Structure formats: C-alpha cells, structure tokens
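Coordinates in review
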Amino acid sequence: MTRKTHDKKVGLMTRMPLTGAILLLSGTTWAADGENLEQLERVIVTAPHGDEPGGGEVLSGKQLTIRQLWAHDSAALLGNTPGVSLQTNGGISSLPSIHGMADDRLRVQVDGMNLISACPNHMNPPLSYIAPTNIGKIQVLNGVVPVSVGGDSIGGAILVDSREPEFATAGQGTLFKGKGGAFYRSNGNGYGSHLSATLAGEALSMTYSGSSAQSDNYKAAREFKPSGLAAVDKGWLDGNEVGSSHYQTLDQSLRLALRHENHLVDLKLGVQHIPYQGYPNQRMDMTDDASEHINLNYKGKYQWGGLDMRAYHSHTRHKMDFDRDKQFVYGPNLPSTIVAPGMPMDTEGNNTGVLIKADILLSERDIFRVGGEYQRYRLNDWWPPSPSSLSGMVDGMGKPATFGGMAPNTFWNLNNGQRDRLGAFAEWEAHWNPQWLTSLGVRVEQVTMDTGPVQGYNDINTGYVASAAAFNARDHQRRDGNVDVTAMARYTQDASRHFEFGYSQKTRSPNLYERYSWSMHGMALIMNNFVGDGNGYLGNPDLEPEVSHTLSVTANWRDAARTSEFKITPYYTYATDYIDAIRCKGSGMMMNALCGGAANNMGSNKFFHLQYANQSARIYGLDVSGSMPLGNNDWGNWKLKGLLSYTNGKNHDTGDDLYNIMPLNAKVMFTHQLDAWDSGLEFVMVKAKNNVSDVRQEMQTPGYGLVNLRSGYSWKQVRLDFGIDNLFDKFYALPLGGAYTGQGTTMSLNGIPWGIPVPGAGRSIYAGMTVEF
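Residues numbered from 1 in each chain as written. Predicted model: local features only at pLDDT ≥ 70, side-chain atom pairs only at ≥ 80, totals over all residues. Heavy atoms only, no water.

Moving on, we get to the overall build of the protein. Helices and strands together make up the secondary structure of the protein, namely six helices and 34 strands. Every one of the 773 residues in the protein was classed for burial, and the buried ones make up 59%. Within the protein, residue pairs in contact and separated by at least 24 positions form 72% of the contacts whose partners lie at least 6 positions apart. When the accessible surface of the protein is totalled, it reaches about 29,000 Å², and 60% of it is carbon and sulfur. (Helix = DSSP H or I, 4+ residues; strand = E, 2+ residues; numbered from the N terminus. Buried < 20%, exposed > 50% of the residue type's maximum accessible area, 1.4 Å probe, protein only. Contact = heavy atoms within 4.5 Å. Areas by Shrake-Rupley, 256 points an atom, 1.4 Å probe, with all protein chains shown as cover.)

Right, dumping it as structure tokens:
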C-alpha cells in the first residue's frame, strides 16, 4: 500500500505493471507541470520503515547492504525480519515462511514478476532468481496484505526490487560508476564475487550486473550420523558433513532505462545458470538449471494520478538427478548388474504475465486504485528412461533385459501442465483526517488449470499402468473463481504512536503438482515432494482452493527522533480447505501395489506415502520488535535491537499440528558505530520444537542458542567486512530443516534412516571486500 504524498496535485502511485507503453505514451497527455523524475519517484515511495501496512517491514540502505556483502542466498536477507523464518532448501534456494505459511502460500514478487518454481521439489523458488547483491529494497507484509499487491495466496507478501536506475544530473555529462566485491566463508569453503557498472546520461541509463557463488558441503558442529561412504558408489562423508549441501550459481543481468519528464520505461534482461545445487532434505539434486527473463515496465505520473504497467516472460530449463552424495546406480546384485544408471528428471517452464495498475486521486481525501493481471504458465515435467537403452543390459537372473524398472518409456509427470490466472481489483484508500486512514479492497480472479495424458516408464508395472489409466480417464480441466477482500484502518494518535487493525479474506488455488501428480508407484511418489519431509506425495484433482480469514492488529510506539521504537503484532488466521496431507492407501484390489502398498503406510518412525487433501486449519501468533539507544559517547554510538516471534498452527479437522511451524524464537542485537567502524553482536535463541505433524512424521528438535559476531570498516570507496557465525561452534538441528536425505539410497522410501533432522552449520568465519568506483 502507498500513502498520500505532500504533492496533492499528482496524488499517489504504487508499483506495478506494463504492456503497450509506447502506445499509451503516444495517446495520452503528459503531465503539464515541469516536475522531474525525482519527483515521480516520490509518488511511488512507501511509508517510512516500520510503517508498512499490516505490521510489515522495509529493508533497504545500510541494513540491507551489510548482509549483502557475504550472503549467498537472497532469502537469507530476511533473517532479522519479525515473523519471517527460513525453511531449508538448497544453498541458494531457502524458502521464506511468514507466520507458518511458505512457498506458494505467499505472494513473492521479484521486480514485479510473479515467478513460479518449475520443479516437483520446488528447487528454484522465486527468490532464487535474483542475486542478493542485485537487490535494492525488500518489502515484507506479514499482516493484512492489500489486494493491490496480488492474489492467489493466503499468507503474507514479499516484494523484492532491484536498485532503481541512476541517471546523470543536469549538466553532469556522462555518469559512470560501479561496484565490485568478493567474499569467502570458511565452512564449506564458500566464496563468491560480484560486479556492477552503470553508464548513464540524463535520459538514458544502462547497467550491467554479474555475480557468482559456490560452496562445498557445509559441516555441523559435531557428528550427527556415522562416517563412511555417502553411498555404495560414492565417496566418503565425515560424520559432521551435511551431504548434498554444495552449490554453484552464476547470474547476469542487463538493464536499460529511459526517462522523460515524469515518465520512465525500464527494461531488464536476466540470465541465470546453476550448474549444480545439492539438497540435503530432498531425494534428488539439481544437476543443471538455466533460466532467462525479460521484464518491461512503464511508470508515469499524470495530473489525475499515476499509471504502472508491466509485461514479463521467464523461461526455465531444469534438470535433476543423483549428484555426488546420493546413490547413482540401482539394480539387483550391485555392482555386477546395472538396471538403472541414475534417474534423470527434466522440467521446462514458461511464465508470461501482464499487469496494469492505476492510482486515481479522486480528492484530497480519497485515492482509488484499480488494476488487472493476466498470467499464463506452462510446465512440462518428464523423466527420461534409465537406462536410455536396454542394449547389453541383463536382468537380475543374468538374462537379457526386456525392460528396466525405469524403462523403456519416458515417464510423464506433467504433460503440458497449464495454469492461467485472470484477475482484477479495486481498492479505496481514504485519509479522513490526520489521525484516521482506512482502506477497503476487493479482488476477483479466475484460475484455469489443465494437463494432458500421462504415461509411466513401462506397461508392466501396476503402479504405472493402473495409475496412468485412472488419471487419463478423468477430465483434468479445473476452473476456480476466487475472491479476496481486505479492510484496514490506521489510527495515528500522534507522531510517536499509531495503531492498525485489519481483516482479510484471501484465496489460493492448488499448484499443478498438488492437483496433477498422479503416479501411485512408490518411487514416483517420493520424487514429488516440495516440503522436505522425506515422504512421497500424490496429487488430488478434486482439491478446492484454500481460503484464509486473517485478523491482525499492530501497535507501534516510538520517539520523535525514531531512535527508540517498539512494535507488537498479534494475528489470527482460520483457513478453510487448507491443503494438508493424509496417508495414501491406494484403492480396491490394487491396495498392495499402489501407493507403495499398505505395509509401507502403517506404523511410525519412518517415511510414508501421502496424498494432498482439503482440511481446515488455524494459525495464531505474535510478533514483537524494538530498538533503543544505549549511549553515544567518545567510545561510539551504541544501540540495542531485538525481535521475538511465536506461531502456533493446528489442523482443525484432525487436531494434528501443522507442518514446519517455527517454535518460539528471539534475537537480540547489540550494534556499535565509531567513525568508519561498525560492529554487531547477535544472540539467537530458539525454543525446542515439540509440536510436530504426526501424519508427516515430522521430527522434534531441541532448543538452542547461537552467538554471531560481525565488524566492518569503510574507507573512501573501500569497505572491509569480517564476521563469525556460530561463534562457539554450537551443534543444533534446524527446526524448519526437514528430514536429512542428503546421502545414500534415496530412491527407496525407507532405504535411508528416518529420524535425522538437517543440522545447522557449525562455526563459520567469513570475510568480504567491496570497492566502489
């Protein structure tokens, strides 16, 4: 949400969408005044830090820059945001969670693009598509999210933007500037570098950005498993080495921006290549991932208000297989007989979107926002046969092989999966007086989904044949009509106190994998999992959209200089048709052959095959944050910051606890600045996680405390940074890390041990340098 600027004449404009910018510019009267683009930017600026609607936060400037110097994962930049926790994924692909909701339940935008993970394990979530050093601002909305921000989600929103384009000032001539840097992290032998350069005049700006990062497996503070071979055909892993936590990534982008008076056209081109990325809580690893995107945006200011239009397209080509720590060769009597040399899995996604938003100043009191959005998504997910040819292969009896367990056909997990969104919204914001502001919004969307016929690896295995036949016999098309409603009121008592109250109804349709993953074959089931619990998942074409009802209150107190601040946000969410999981049992006479067989879904303390199902859930909790000065003297400027978050989630139908709910946690940070030096000492405290999901056999984790230390020195155009994470080398298990599946016979449901949570990293020393020119 945006707020009214002091410029009553032009009103307000929030950020959003484009198509046909040239046509619109040629057919519309430009603003009559002579205000420059800097004034245009004032129109789209949001409220000051800490004033975001719904109790949210804005990360920018120095608080963001310091973490960017050594971060390899964009989601990690959110680590000190109230209400936000991180679910373990790959080394550069963590999944942010807001109040117990993560992944597709959040609206995550990168430069206005609604990106989608093109993988049955969600190995390439939206934030993995932008390098940390390219980010200029992150806005986190963890309460009531305005309908103008986006739909198709039931939780909070994370809006990530690159740095704004820079232009030469009047009379400056040509502007040339840039920044480069590198970092090293001891745990995992991780290192990376980045470079950006801008060449600009008064009307045209061009910026290139490039970055790279890579790491070997990281190590825990002590052994959490026996030392030995990672698998029968793989190398040695020490007992404290977290298998499949290695990665490498390369990002490049080119930006062209053109401005004229109160208008800006901004074109971004980006490419990313991830040669490999291991996943310690998934059965597979990323063995190659290439993506490209084009993003065109127009922003204009007019006498009646503001207009924002966007058109974008992203393409992802993604590959998976067993990488360096997971068994690659499968078959009887290994190693003398080979049946399956690896298990290649391929996906290709194409995502096209068009968005438009207008902010219309009806009066000095009223702002009306209206907009629309169309998104077209296509996804193919196929698994080539393994072996690719049966020539020369033998079966377990030494006879010529006539078929393999994963041959001779290509397995189609999703064949031309389609997910299209068409939506429109209207939002009325009223500034009744200096104390009261209200906002009411409605959003309607139609989500249309479909997919084509599928097939298994062969026509013999019942798990392939019967499942494919049953799925292909059904009508796959689904059409959901979704409605979002938000209502918010803010009361500003005086300059130091304001209070916000809000309600929202939000709706999310299932993703393609939740509706259309179809095979009941045990091996295929465990390859469809994007929550990292080690279980296998079967889709459900009859799923209904999730609908959440959220109440949120935010109270904020601060002094006039904003040196001291205290904020508290309690919230309550009730969700109908919440997509949770039930035990997969197959059907009829095929009980023992489908869903891995009945025996595989009985008992406890092991991995299971599950199926998505609509149930109901409730989530409530509390976020607290604050800061205060401790002193300013000859020894420097001393400050204290802190945050605390508590979330409780329960399945209302079964009484089971919801999966991956972060336990009570807090951070206390002491910061110090003296001339060019700035330092910080951080204490992290996490309570034991005892409330776990029984149906998913989620593991409990003990409580822990960590100490992190950092320091930096700036001198002219050079900045040096040094820090130690987990200063005392404390061993701990990640509460949202999921089940450790980073090594061994991961193709088999219970061929790897159950009961090992993914551990956090032991002590890690890092250093970085940045040079501006």
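Now that the structure has been shown, the text picks up again.
This paragraph deals with the packing of aromatic side chains. Taken as a whole and assessed by the stated rule, the structure comprises 20 aromatic pairs. For the ring pair Phe471 and Tyr516, a centre distance of 6.3 Å and an interplane angle of 80° mean the geometry is edge-to-face. In this pair, Phe471 sits in helix H4 (residues 462–472) while Tyr516 sits in helix H5 (residues 512–516), placing the two residues 45 residues apart along the sequence. Its relative accessible area of 0% is what places Tyr516 among the buried residues. With a centroid separation of 5.7 Å and an interplanar angle of 80°, the aromatic rings of Phe499 and Trp557 are classed as edge-to-face. Remark: Trp557 occurs in strand E26 (residues 546–558) and Phe499 occurs in strand E24 (residues 497–508); sequence separation between them is 58 residues. We classify Phe499 as buried; its relative accessible area is 17%. With relative accessibility at 33%, the residue Trp557 sits in the partly exposed group. (Phe/Tyr/Trp six-rings, centres within 6.5 Å; stacked < 30°, edge-to-face > 60°.)

The next subject is a nonpolar patch on the surface. Taken together, the side chains of Phe176, Leu195, Leu199, Met206, Tyr208, Leu254, Leu256, Leu269, Ile294 and Phe773 define a hydrophobic patch exposed on the protein surface, amounting to about 850 Å² of accessible area. Elements represented by at least two residues in the nonpolar patch include exactly strand E9 (190–200), strand E10 (204–215) and strand E13 (247–260). Tracing the sequence through the fold places Met206 in strand E10. Overall, the relative accessible area of 36% leaves Met206 in the partly exposed class. (Patch = residues over 30% accessible without salt bridge, like charges linked within 9 Å, V, L, I, M, F, W, Y side chains within 5 Å. Salt bridge = Lys/Arg side-chain N within 4 Å of Asp/Glu carboxyl O.)

Those residues of H4 that fall on the buried side of the exposure criterion are Gly463, Tyr464, Ser467, Ala468 and Phe471. For H4, the arc enclosing every buried residue in end-on projection is 105°, short of the 170-degree limit, so these residues lie on one face. The inward-facing, buried residues of H4 abut strand E21 (411–431), H5 and helix H6 (522–526). The distance from a side-chain oxygen at the start of H4 to the backbone nitrogen of Gly463 is 2.8 Å, and the residue carrying that oxygen is Asn461. (Arc of directions from axis to C-beta. Polar contact = N/O pair within 3.5 Å; in protein donor to acceptor, adjacent residues only side chain to side chain.)

Tracing the chain through its elements places Val707 in strand E32 (residues 704–715). If near-sequence neighbours (up to four positions away) are discounted, Val707 is found in contact with Leu681, Glu682, Phe683, Ile724, Asp725, Asn726, Leu727 and Phe728.

For the rest of this paragraph, the subject is the sheet that holds strand E2 (residues 84–87). On the basis of which strands lie adjacent, the open sheet formed by three strands has the order E2-E3-E4 and antiparallel pairing. Edge strands, defined here as strands with exactly one partner in the open sheet, are E2 and strand E4 (101–102). As paired elements, strand E3 (residues 95–98) and E4 share two bridges and run antiparallel to each other. Directly across from Ser97, in E4, lies its bridge partner Ala102. (Pairing = 2+ DSSP bridges.)

Leu64, Ile66 and Gln68 are the residues of helix H3 (residues 61–68) that are buried. Buried-residue contacts for H3 involve strand E1 (57–60), strand E6 (135–141), strand E31 (677–686), E32 and strand E33 (718–725).

Take the environment of Ala767 next. Within the secondary structure, Ala767 is located in strand E34 (residues 764–772). Assessed through its relative accessible area of 36%, Ala767 is described here as partly exposed. Ala767 sits 46 residues away from Asp721 along the chain, and the two C-alpha atoms are 5.5 Å apart. Ignoring anything within four residues of it in the chain, the contact list for Ala767 reads Ala182, Phe183, Tyr184, Asp721 and Phe722.

For E6, a buried count of six out of seven residues is recorded, marking the element as mostly surrounded by other parts of the structure. Of the pairings in the sheet, the one linking E1 to E6 comprises four bridges and is antiparallel in character. Its bridge partner being in E6, Glu57 is matched across the sheet by Val140. Here six bridges tie E6 to strand E7 (residues 157–162), and the two strands are oriented antiparallel to one another. Looking at E7, one finds that Gln139 is bridged to Leu159.

We now examine the environment of Val232. Locating Val232 in the fold gives a position in the loop between strand E11 (228–229) and strand E12 (236–237). Sequence separation between Val232 and Lys326 is 94 residues; the distance between their C-alpha atoms is 9.0 Å.

This part covers the sheet that holds E1. Read from one edge of the open sheet, four strands run E1-E6-E7-E5, paired in mixed fashion. Whereas interior strands pair on both sides, the edge strands pair on one side only; in this sheet they are E1 and strand E5 (107–110). Taking the axes of each pair of neighbouring strands and ignoring which way they run, one obtains an average angle of 10° across the sheet. In the packing of H3 onto the sheet, the strands contacted are E1 and E6, and the crossing angle to E1 comes to about 60°. (Axes fitted to C-alpha atoms, helices over the stretch in contact; angles between N-to-C directions.)

What follows deals with the nonpolar core. Within soluble globular proteins, side chains that are nonpolar tend to cluster in buried spots. In this structure, Met284, Met343, Trp383, Tyr457, Met523, Met527 and Met747 are the most contacted members of the largest nonpolar core, which totals 53 residues. Only strand E20 (366–383), E21, strand E22 (436–450), H4, H5, H6, strand E27 (565–583) and strand E28 (609–633) provide two or more residues apiece to this core. If we skip the residues at most four places from it in the chain, Trp383 touches Met343, Pro344, Met345, Asp346, Asn409, Thr410, Phe411, Asn413, Tyr457, Ala524, Met527 and Asn528. Listed in part, the 32 residues of the second largest apolar core include Leu64, Ala71, Tyr571 and Ile619. (Core = buried A, V, L, I, M, F, W, Y, C linked by side-chain atoms within 4.5 Å.)

Now for the pairing of strand E19 (residues 345–361). As paired elements, strand E16 (residues 305–321) and E19 share 16 bridges and run antiparallel to each other. Note that in E19 the partner of His318 across the bridge is Thr347. Judged from the 16 bridges that link them, E19 and E20 form a sheet pairing that is antiparallel. The partner of Thr347 across the bridge, within E20, is Asp381. What sits between the antiparallel neighbours E19 and E20 is a turn of four residues.

Cis peptide bonds are those with omega within 30 degrees of zero, and the linkage from Ser386 to Pro387 qualifies with 5°. On the secondary structure map, Pro387 appears in the loop between E20 and E21. Residue Asp103 is not a glycine yet carries a positive backbone phi of 60°. Turning to its location among the elements, Asp103 is positioned in the loop between E4 and E5. Here Asp111, not a glycine, exhibits a phi torsion of approximately 50°, which is positive. If you trace the backbone, Asp111 turns up in the loop between E5 and E6.

Within the structure shown, the criterion is met by 16 cavities of 30 Å³ or more. Secondary-structure elements contributing two or more residues to the lining of the largest cavity are E3, E5, E20, E21 and H5. A breakdown of the residues in the lining of the largest cavity according to their chemical character gives 13 nonpolar, seven polar and seven charged. (1 Å grid on protein atoms, 1.4 Å probe; cavity = no way out; pocket = protein on both sides within 12 Å on 5 of 7 lines; lining within 4 Å. Points joined across faces, edges and corners; volume = space filled by probe spheres on them. Nonpolar A, V, L, I, M, F, W, Y, C, P; charged D, E, K, R; others polar.)

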